[in-house]
Structures are given as structure tokens and as C-alpha cells.
Amino acid sequence: MTKDLTVGRPEPVLWQFCLPLFGSIIFQQLYNIADSLVAGKFIGENALAAVGNSYEVTLIFIAFAFGCNIGCSVVVSRLFGAKQYNQMKSAVSTAAIASAILCAALMAIALPASPFLLRLIQTPQEILADSELYLDIYVLGLPFLFFYNISTGIFSALGDSRTPFIFLAISSTSNIAVDILFVAGFGMGVDGVAWATFLCQGVSCVLAVLVVLRRLSGFAKGEKCARFSWPLLREIATIAIPSTLQQSFISVGNIIIQGVINGFGPSVIAGYSAAVKLNNLVITSFTTLGNGISNYTAQNIGAGKLGRIKQGYRAGVKMVWTLSLPLFAAYFFAGRYLLYLFASDPNGAVIEVGMQFLRILAPFYFVISVKLVADGILRGAGLMNRFMIATFTDLILRVVLAVILAQVFGPVGIWSAWPIGWSSAFVLTQIFYRAGPWKDAAVEPETTQSESRPEHEVQKEPVV
């Protein structure tokens, strides 16, 4: 099912499109949460620390997959909005070929380099072997990660957020069951949770790719499209490279922070590992909603409807604040009960560290969520310089302050760096959004969802 995001009232259009994306990312995060949950409950505190420690390195690979996803998605969204279906299919095949080459290169580098990366972040000796084992198996599954992300980017570009939700709901639920089967049933250790993720993510990837191919076959039938296009690759790279750099530098920053945290011992590592999984569930959810707003922005720019961007921003803020309130309440007031899922001792240091982290960050979900809505619009419009400035401001402040404040206040100082970075980046994104090319565009009269643009409508040049 495809959906034209250039018609209909923006608020219901975005809710209908983004809510399945929100559900999808919850199930996506269940992969990592399930690994930590099973490791902590069925293997032990060191296993939980090993999975959490490895996770910070895997974020580098996720950054590259995310860049491929958003680069392909924004370009395909614009071409879909402009009804240039032949070019759209060329963009998909170009993104797939480039991503396959990138994935192969990353695997060739990462497999021999994993011990070095783990030592670089000062991984304690008692969890080093398990961390390396988990990371090696994860790297073997990188093709599944890349092609699944490309597929979900294409679905989103075509206005279909339900199909990836269905795939993830089934595969992530299966992952929990397979995690428990491998660890509790077969007596496997950290390798059991890693292989469970590999298997379930592989199945969802294959299914997603098959459905994408079938969906694309319905566009521009009988017309030949170029399998690879250098001009389209440049357009994709213009979005993908800054997005990858954003996520990569965030990952590097997180690795530096993880190195600081590792100096406080396994209990603090495990507490942070559990709490950061819960926090990442929220941040990744808001980021995914921002990606949906990128698709909305790109489609409307392709259709020459700049006035709808402002309507989309207001609708997006209302949407993320509606979600921020219950998430804040759950983490700030009931986070202890969520952390119990990861630790066997409800009164231990792991729980106290995790609660400390959540109570400092949760009130600022209202700030970071709006920042990510503005990010989505800037990225969808191709305004990557402004997007990168705000992102790097957040990252640099968080890393530098975490290192400095840890020396004075210990772990509390590390956690306090997050809100400062988020708030600074929020101010910048508001300035950049309000100066965007849509600032003087007239808001169009709202139309019903059933209305569509005529095929012969003349398209305006996209904003880049």
C-alpha cells in the first residue's frame, strides 16, 4: 500500500503514517532489549554488561545502515511526490548496489578489528571474551541490517508504514522466544542471544526485500530504468553521508562515554546498559518519527507544496509531545520496575544507577523530541549543513561535559551532560527551521485524503 502524503489534512496524515513507524521502532528496539534482558536474567550481571558494552560498538554499523536508509528514503520520497516513477526505481537499485559494497567493506574491516575496538573503550577483562563473541556474530549479520534498513526506507518513501511494522512485530516477538530457547533451553551463553538476533533479523530482511521488489514492479511497467545512476547516487549521498556522519559521530561519542563509564566498574556498566536501552527506545522512536516527517517533507517538496511543511511541523510537535508525556511519567516514576526486567537483584546497585540515569534524562524528552521533529524537516528538505551544525553541537557538548563532569561528580556528572547537549541543539534547530525556504509560503487550504494531484501537474524544482 502506498500513500500520497501531499494531500489531506497534515495532522491526521502524519498520525496515520507515523504511528506504525513508532510501533515499528519499539519492536526494533526489542531486539536489543531482549538480548540484554535474557543475558541479565538467565546468564548474569557480567553477560548483561558484555551485551551493553558491545552495543556501543554496534551503533557504528547501525549509523551506516541508517544513512543508507534515510538517503534512499528522502530521494525516493521526492521522486514519488513528483511522480517520476522510472527515476524512483533507478534510485532504489542504485542505493542497493552502493549499500552492498559499503556493507562488504565494513565487514572486512570490522571482523579483525573487533578486539581492538573493545580494548579501545577499556572493556574490563572479565567481560572482554563475551563482548568480542557477541560483536563478531553481530557483524556477520550486517547484510541483513543494511538491506532491511533500505527496504524500510523505501516503504516509508512510498507512504507505507504498516508493512515494516508487521514484519518487525513478528520477528522481534520471535527473537524474544528464540533468545530464551537458545539460552535457557539449550544452555548457550552470550552467543545464544547473538545468534537469535542474527536468525530473526535475517528472516525479516528477506521478507522485506521480496515485498519491496513486488511493490516496485507495479510502477512504470514496461519502462526500462537504469540499474545504476551516478547523478542519483550523488543525490542519495548528499543526504546519506551527513546522516551517517551524524550517527557515526554520535556512536563514537557514545564509545568515549562508555570508556569513561567503564572506569566505574561492572555494576555501573550494567546499570547504564539497562537504562540506556530504555532511553534509546525513546530517542530512537522520536528519531523514527522525525524520519517519517522527512518523508512527508520530501514528498511535499517534490509536489511543490511548501506551505504544508509548516502545517506538518506543528502537527509533528503535537504528536511527539503527546508521546513524551506518558514516556516521561513511566521512566521518572516507574522506571525502577522496568529496570527489574534486566537485573536479578531488585535492591542492587544496578537498579540505583539505572534510576539515577533515567530521572535526570526523562524530563528533557519534551525538548529532544521537538529538536528531532525539526531535524526531520531539515533533512527532508536537503538542508544538511544546518542539520549537522545542530547535531554536532549536541554531541560535542555531551562528550566533553561527560568527561569533565565525571571527574567531579562521578556517574551523575556523565548523565547530566545529556540534557545540556539536547537543550543547546534544540535552540539551534528552532532557529534553522524558522529560517527555512517555507517561512514565507502560504498555507494551503486543507484537502480531504481522497483528493490527489493530477498527473499532468507541473512540478516545482525541489529544495536542496
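Throughout what follows, the structure given in this document is the object of discussion. These numbers come from a predicted model, not from an experiment.

The rules behind these values
- Residues numbered from 1 in each chain as written.
- Predicted model: local features only at pLDDT ≥ 70, side-chain atom pairs only at ≥ 80, totals over all residues.
- Heavy atoms only, no water.
- Helix = DSSP H or I, 4+ residues; strand = E, 2+ residues; numbered from the N terminus.
- Buried < 20%, exposed > 50% of the residue type's maximum accessible area, 1.4 Å probe, protein only.
- Contact = heavy atoms within 4.5 Å.
- Areas by Shrake-Rupley, 256 points an atom, 1.4 Å probe, with all protein chains shown as cover.
- Lys, Arg positive; Asp, Glu negative; His and termini not counted.
- Charge placed at Lys NZ, Arg CZ, Asp CG, Glu CD.
- Salt bridge = Lys/Arg side-chain N within 4 Å of Asp/Glu carboxyl O.
- Expected span 1.5 Å × (residues − 1).

1. Concerning the overall build of the chain
Okay, so step 1: A count of helices and strands for the chain gives 14 helices and zero strands.
Okay, so step 2: Across its three principal directions, the C-alpha atoms of the chain cover 65 × 40 × 35 Å.
Okay, so step 3: Counting over 464 residues, the chain shows a buried share of 60%.
Okay, so step 4: Contacts spanning at least 24 positions in sequence make up 86% of the contacts within the chain whose residues lie at least 6 apart.
Okay, so step 5: Looking at the chain as shown, the accessible area adds up to about 17,600 Å², and 67% of this sits on carbon and sulfur atoms.
Okay, so step 6: Distance between charge centroids for the chain: 9 Å, based on 30 positive and 25 negative side chains.

2. What to know about the pattern of salt bridges
Okay, so step 1: According to the stated counting rule, one finds six salt bridges in the structure shown.
Okay, so step 2: As a salt-bridge pair, Asp160 and Arg215 come within 2.7 Å of each other at their nearest N and O atoms. Here Arg215 lies in helix H7 (residues 190-216) and Asp160 lies in the loop between helix H5 (142-157) and helix H6 (162-185), a separation of 55 residues in the sequence. For the pair Asp160 and Arg215, a shared accessibility class is recorded, and that class is buried.
Okay, so step 3: The residue Asp375 makes a salt bridge to Lys371 at a minimum N-O spacing of 2.7 Å. With Asp375 and Lys371 both in helix H12 (residues 365-380) and four residues apart, the pair spans about one turn of that helix.
Okay, so step 4: Asp375 sits in the buried class, given a relative accessible area of 1%.
Okay, so step 5: Residue Lys371 is classed as buried on the basis of its relative accessible area of 3%.

3. Concerning H5
Okay, so step 1: In this model H5 runs 23 Å from its N-terminal to its C-terminal C-alpha over 16 residues, within 8% of the 22 Å that 1.5 Å per residue would give.
Okay, so step 2: With respect to burial, H5 is a largely interior element, 13 of its 16 residues being buried.
Okay, so step 3: Where H5 terminates, the next one or two residues include Gly159, which has phi positive at roughly 80°.

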